[in-house]
Amino acid sequence: MNSDTLIDIDHVTFGYDASRTILNDVSLTFKRGKVTAILGGSGCGKTTLLRLIAGVHPVNSGRVVFDGETVDAANRDQLYRLRRRLGMLFQFGALFTDLTVFENVAFPLREHTSLSDTMIRDIVLMKLNAVGLRGAAQLRISEVSGGMARRIALARAIALDPELIMYDEPFAGLDPISMGVAANLIRKLNDATGSTSLIVSHDVQECFTIADYAYLMSSGGRVAAHGTPDELRDSADPEVRQFIRGEPDGPVRFHYPARALAEDLGMPG
Amino acid sequence: MTAMLQALGARTLRWLLSLGHAATFFVDLLRNVPTALRRFALVVAQVHAIGNRSLVIIVASGLAVGFVLALQMYYALVKYGAAESLGLVVNLSLVRELGPVVTALLFAGRAGTSLTAEIGLMKAGEQLAAMELMAIDPRARVLVPRFLGGIVAMPILALLFSTVGILGAYVVAVLLIGIDAGNFWSIQQSGVDIWRDVGNGIVKSSVFGVICTFVALYQGYETQATPEGVAYATTRTVVVSSLAVLGMDFILTALMFSTP
Amino acid sequence: MSKRGIETLVGLFVLLGILALVFIALKAANLASFGQRDGYMLQARFDNIGGLKVRAPVRSAGVVVGRVKSIKLDPKTFQGLVTMEIEQGLQFPRDSSAKILTSGLLGDQYIGLEAGGDDKNFAPGDTVTQTQSAVVLENLIGQFLFNKAADAGAANAPSPAPAAPASKK
């Protein structure tokens, strides 16, 4: 086991039920201190990977190894211990709507530590400062915009200084400025804290600006390709090229399987 | 024919499955009570959200029911020359039955739906999942404080309903109709037993509190994370709570008041 | 809403509930007679206890002096055996009588204890020997009809009309 590797997905197969297999014998490794992107179309199992790492579901076969420890979804104590070392950023923030911005970021501190109120206050303000929202501390969640919500969720995710930060579609639905801000934050945080970052996204361009390594998932739950952003850009694999360049038709077909058009319209020939 | 039987069997199995699921949920709630009690401030906050916020409707309804009961009972009693017993009749009706039951029905409508919607929306917004991934058990942190809050609030609300109802009856009976105030109270005092009537009423409302709060939380927790899902869940909360309360009321009344 | 504010309001809420309970207990229920010191027991046998219930009051001169504790059937004499709890400190002469009376015309039944003239008083556990059973309405009506028939018979005997008693049915 390489001590360079924080997470090792080892030949994992997983499906929510017997009929649908989401991940098919996939193997990925995520190196410590690096920003790794997981790219792919919708339904490729990217978010499922994050859930498996966090131990939300047990794998059907194979294992998920977190810092040398195999993740056992049935072992509540182990899960809670591991989860304290990670922070997850949900797609829409998943902020607690009945609390203020400040209280949201303070939440993990209040629950897991017995720090004094003054210490908590200082830490929360520092985290909010890191994401540029220290002035918004007293706002209610209903008063913040989507981009701000993501940043607050990020501040909450890093409140306990986790070793691993997982981002689920951090760029989806953001305007160009907010996207730039988000990408910048992710990279800076990773470098400043020495933590490991996993980004699940389908925004290739934005990811490539900040990722050290990337995995491309294809439908059917396989790893289509992996490498550094440069390697993937230069790849000759048609599936990779279609995704990277955003071509409408290629190995991933444009048309949903159907009969010939002439047949459907009732025309001869 | 066989298709119908199959469908019936499948429905029964599904119903049994959901019953078992609900029972597991209930046991889970109970198991997390000690943890939740350690964060007493959360429970207090919930008693406020559930109890204090329901005060207006409970008190208003209690007053109205007291007025109406007094009027209606008067017309019936005066025929037998028993108008003096008006206070006693209203008191017993309220304290034994109407207090606990009507409060529970109102509670299901006001606090129950609010709980269901809140939990349902928290689930839809992934707030509960986020808590889980922060290694915080959402049941102990979110669900059980609300459970305890409902159980504490309900008997208090039922008592307030009965009290306000009796006072409302006093206004109608003594001030409007002209029944003697002294008799109004003394006949009640000799006819209402603190343990049998008031005590049983409190037991009833506690049981109803458990039922209504549990149903509300369960429906919210199990709802589909869509607008339609949440709407459906809130309706189900009111329907299931009301039916359960009325059914339980029958059983409890039979147990408690079968011997005169 | 601040934490202090919420706690205060909840405290008020709980206080309201307690006040409601106290109000009902004092003004609207029989709590006033609840905290009496334990009394002493007396027994009485009745041919018919009528509608007497447990916890019915025991009154003397109209004042409540105790409560009925239990009602059983005496298997030897086939009489109703009533146990009463009388307030400590109130003594009754040994020849006092216990009657089952009705409060009002159709009201609940209670035991009326009429003091006698004996020098000695009841000791705890004593049995009241002078008892009068409850008035059973059917017997009363039957008695009334019988008396009426007897009066009619006596009034009609000197007269020569023999059909008169038959019409009295």
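The model shown is predicted, which means the values in this text are computed figures rather than measured ones. (Residues numbered from 1 in each chain as written. Chains lettered and ligands numbered in written order. Predicted model: local features only at pLDDT ≥ 70, side-chain atom pairs only at ≥ 80, totals over all residues.)

With that out of the way, let us pick up the overall build of chain B. Along the backbone of chain B there are 10 helices and zero strands. Going residue by residue from the N terminus, the α and β elements of chain B occur as α-α-α-α-α-α-α-α-α-α. Going through the 260 residues of chain B one by one, you find that 49% of them count as buried. In chain B, once contacts between residues fewer than 6 apart in sequence are set aside, the share between residues at least 24 apart is 87%. (Helix = DSSP H or I, 4+ residues; strand = E, 2+ residues; numbered from the N terminus. Buried ≥ 20, exposed ≤ 12 C-beta atoms within 10 Å, placed from the backbone. Contact = placed C-beta atoms within 7 Å.)

Turning next to the arrangement of the chains. Looking at the two pairs of chains with contacts, the pair that accumulates the most is chains B and C. Of all C-alpha pairs spanning chain A and chain C, none lies closer than 11 Å, and the two are not in contact.

A few words now on the interface of chain A and chain B. The interface is formed by 11 residues belonging to chain A together with nine residues belonging to chain B. Elements that contribute at least two residues to the side of chain A that touches chain B include exactly α2 (76-83) and α3 (101-112) of chain A. Partitioned by chemical class, the residues of the side of chain A that touches chain B number seven nonpolar, one polar and three charged. (Nonpolar A, V, L, I, M, F, W, Y, C, P; charged D, E, K, R; others polar.)

Atomic detail in the predicted coordinates should be set aside for any region of low pLDDT. Residues and elements named next belong to chain C. On average, residues of chain C carry a pLDDT of 80, and 85% of them reach 70 or more. Overall, residues 161-169 carries pLDDT values under 50, and its contacts beyond four positions in sequence, including any with other chains, amount to eight contacts. For this predicted complex, the interface confidence score (ipTM) comes to 0.79, while the overall pTM stands at 0.78. (pLDDT = per-residue confidence, 0-100.)

The next point concerns the sheet that holds strand β6 (residues 109-114) of chain C. Residues and elements named next belong to chain C. Sheet architecture is open: eight strands sit in the order β7-β1-β4-β3-β2-β6-β5-β8, paired in mixed fashion. Because the sheet does not close on itself, it has two edges, and the strands there are β7 (127-128) and β8 (130-132). When strand β3 (residues 63-73) meets strand β4 (residues 80-86), the two strands line up antiparallel, connected through seven bridges. Paired with S70 across the two strands is T83, which belongs to β4. (Pairing = 2+ DSSP bridges.)

Right, let's get into helix α9 (residues 238-245) of chain A. Residues and elements named next belong to chain A. Those residues of α9 that sit buried are V240, F243 and I244. The buried residues of α9 occupy an angular sector of 95° when the element is viewed end-on, so they sit on one face. Every exposed residue of α9 that faces more than 90 degrees away from the buried side is listed here: P238 and R245. Next to the buried residues of α9 lie β3 (35-40), α7 (204-210), β9 (213-218), β10 (222-227) and α8 (229-233). The first or second residue beyond α9 is G246, which carries a positive phi of 70°. (Arc of directions from axis to C-beta.)

Interface size is commonly expressed as the accessible area that is lost once the parts come together. Counting residues at the interface gives 25 residues for chain B and 22 residues for chain C. Counting only elements with at least two residues in the side of chain B that touches chain C, the list comes to α3 (40-50), α5 (86-124), α7 (138-177), α8 (181-191) and α9 (194-222) of chain B. Partitioned by chemical class, the residues of the side of chain B that touches chain C number 14 nonpolar, nine polar and two charged.

Ranked by size, the top nonpolar core spans 156 residues in total, and within it A:L39, A:M166 and A:I199 carry the most contacts. Once residues within four sequence positions are removed from consideration, A:I199 is found in contact with A:V35, A:A37, A:I38, A:Y167, A:P170, A:I186, A:C207 and A:A211. (Core = buried A, V, L, I, M, F, W, Y, C linked by C-beta atoms within 7 Å.)

So, about helix α1 (residues 2-31) of chain B. Helix length check: α1(B) (30 residues) gives 43 Å between terminal C-alpha atoms against 44 Å at 1.5 Å per residue, within 8%. Little of α1(B) sits out of view: just one of its 30 residues are buried. (Expected span 1.5 Å × (residues − 1).)

Residue and element names in this part refer to chain A. With six of six residues buried, β3 lies mostly within the body of the structure. The alternating pattern of β3 places V35, A37 and L39 on one face and T36, I38 and G40 on the opposite face, and all of these are buried. Relative to strand β8 (residues 196-201), β3 is paired through five bridges, and the arrangement is parallel. Residue pairing in the sheet places T36 in a bridge with L198 of β8. Here β3 pairs with β9 via five bridges, running parallel. By the bridge assignment, A37 is partnered in β9 with A214.

A word on unusual backbone geometry. Even without a glycine there, the phi angle at A:E169 is positive, about 50°. Here A:E169 shows up in the loop between β7 (164-168) and α6 (176-193).

Residue and element names in this part refer to chain A. Strand order across the open sheet formed by four strands is β2-β1-β4-β5, with antiparallel pairing between neighbours. Both edges of this open sheet fall to β2 (23-31) and β5 (69-70), since each of them pairs with a single strand only. Sheet contacts for helix α1 (residues 46-53): β1 (5-14), β2 and β4 (61-66); angle to β1, the most-contacted strand, approximately 115°. (Axes fitted to C-alpha atoms, helices over the stretch in contact; angles between N-to-C directions.)

Another point: the packing of helix α4 (residues 55-77) of chain B against α7(B). All names here are of chain B. Between α4 and α7, the least distance of the axes is 7 Å, while the angle of their chain directions is 45°. On the basis of the axis angle, α4 is oblique to α7. As for how α4 packs across α7, the hand of that crossing is right-handed. Counting all contacts with α4, which are made through I58, V59, S61, G62, L63, V65, G66, F67, L69, A70, L71 and Y74, the residues of α7 involved are L157, L160, F161, V164, G165, I166, L167, G168, A169, V172, A173 and I177. When the residues that make up the contact of α4 with α7 are grouped by side-chain class, the tally is 19 nonpolar, five polar and no charged. (Parallel < 35°, antiparallel > 145°, perpendicular 65-115°, else oblique. Left-handed = near helix turned anticlockwise from the far one by under 90°.)

This part takes up the environment of C:L81. Residue and element names in this part refer to chain C. Topologically, L81 is positioned in strand β4. A count of 18 C-beta atoms within 10 Å places L81 in the partly exposed class. Sequence-wise, L81 and I71 are 10 residues apart; in three dimensions their C-alpha atoms are separated by 5.8 Å. In contact with L81, not counting residues within four places along its chain, are Q43, R45, K72, L73 and D74.

This part takes up the packing of α3(A) against helix α5 (residues 146-157) of chain A. Two packed helices can be described by the angle between their axes and the distance between those axes. All names here are of chain A. Where α3 meets α5, the closest approach of the two axes is 8 Å, and the angle between their N-to-C directions is 30°. Between α3 and α5, the angle falls in the class roughly parallel. Of the two possible hands of crossing, α3 and α5 adopt the one that is right-handed. Residues V101, N104, V105, F107 and P108 of α3 lie in contact with α5, whose contacting residues are I152, A155 and R156. Residue composition of the contact of α3 with α5, grouped by class: six nonpolar, one polar and one charged.

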